[in-house]
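# Structural description and commentary
Residues per chain, in single letters:
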Amino acid sequence: MAAPDPYRHATNLVGLPTGLLASPDYNDYPLRLSIHGTRETNAALFRMLGDAAGLADAQAAFRAYMNAVFDLDAPNPPDRLGRKRHRSSYLKVLHGWGFDANGPAGAVLKGWVESRFGLAPLFHKAPLGAYPSPAWMTYVEEKMAARYHTNAIAQQFDLLYEYGQWLFWGDWHGTAGTARTARGGLPGWPYPPCRHLTLYRGVNDFSEHQVVCWLGKREAIARHNNLVSFTDSRETADTFGDTLLEVAVPISKILFCNALLDGPVLRGEGEYLAIGGDFRVRLAYL
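Residues numbered from 1 in each chain as written. Predicted model: local features only at pLDDT ≥ 70, side-chain atom pairs only at ≥ 80, totals over all residues. Heavy atoms only, no water.

### Here we look at the packing of helix 7 (residues 104-117) against helix 8 (residues 134-143)
Where helix 7 contacts helix 8, the two axes come as close as 8 Å, and the packing angle between them is 90 degrees. Here helix 7 lies roughly perpendicular to helix 8, going by the angle between them. Every residue of helix 8 that contacts helix 7 at Pro-104, Ala-107, Val-108, Lys-110, Gly-111 and Glu-114 is listed here: Tyr-139, Glu-142 and Lys-143. Partitioning the contact of helix 7 with helix 8 into residue classes produces 4 nonpolar, 1 polar and 4 charged. (Axes fitted to C-alpha atoms, helices over the stretch in contact; angles between N-to-C directions. Helix = DSSP H or I, 4+ residues; strand = E, 2+ residues; numbered from the N terminus. Parallel < 35°, antiparallel > 145°, perpendicular 65-115°, else oblique. Contact = heavy atoms within 4.5 Å. Nonpolar A, V, L, I, M, F, W, Y, C, P; charged D, E, K, R; others polar.)

### Points about the environment of Arg-267
Within the element layout of this structure, Arg-267 appears in the loop between strand 5 (254-257) and strand 6 (271-285). Distance from Arg-267 to Phe-99, taken between C-alpha atoms, is 8.0 Å for residues 168 residues apart in sequence. Discounting chain neighbours no more than four positions away, the residues touching Arg-267 are Gly-98 and Phe-99.

### Observations concerning the nonpolar core
One finds Tyr-90 and Phe-256 to be the most contacted residues of the largest nonpolar core, which totals 70 residues. Sort the elements by how many residues they give to this core and helix 9 (residues 153-168) lands first, with 9 residues. Not counting residues up to four positions away in its chain, the partners in contact with Phe-256 are Leu-94, Leu-160, Leu-261, Val-265, Leu-266, Glu-271, Tyr-272 and Leu-273. Core analysis: the second largest hydrophobic core is formed by 6 residues, Leu-128, Ala-135, Trp-136 and Tyr-139 among them. (Core = buried A, V, L, I, M, F, W, Y, C linked by side-chain atoms within 4.5 Å. Buried < 20%, exposed > 50% of the residue type's maximum accessible area, 1.4 Å probe, protein only.)

Structure (structure tokens):
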């Protein structure tokens, strides 16, 4: 019997086999994904979004809903000893990712991908390799850190993902009172929506990636980390490494970009957070 793949779990919350979701076949011909139960249990949010007259209204509705449901604007409550408790929020975790994708906030996000999409990370501070190992134990300890799990942080990211998908797939074009031009502030998404974005990543080595096979001198199938940063700017990607990866990323695998909210959250203006897997990549050597 073959050994279990440490990078794929048998179950996930999006209703497709994890092996298919991770495969280049899915990435070439993506299906829409939805995290089980999220829209059904937050119907009020999607009614609010359905009333949006434009992107700014949708951004405001999402922020207002998140602030109300998760009490994000309230001061941090003291614990039973009177000490100030940390109130975790999706914005704080995204800021943490932007500062250091291999820090504790990065581990929390990679853990969210693992629990929802069934894809375990390849890299966190170091290649994770076979389980168990010191690198795996560091990742598990950081993704379970109590300071990040005080305010239903996984459910916050469920809603962020579903909100982004609602925008990317153009759901609001079928709702009353919504202007067809409302999506205009989202870069790269024409109407009707395309299924892929061409994104770029600069690397100096493949320590966070695994080349599954070479398709030619400048084409390969590369296994990416379960959550990975890309940019929509080739020039920006050039500054991060001497090898440029060009990837067609399905919109169903986009977790976040700055255009989803009304102010920059990630430091890179054209930065996208995408669910990983095995992608066909074109390589350019700088």
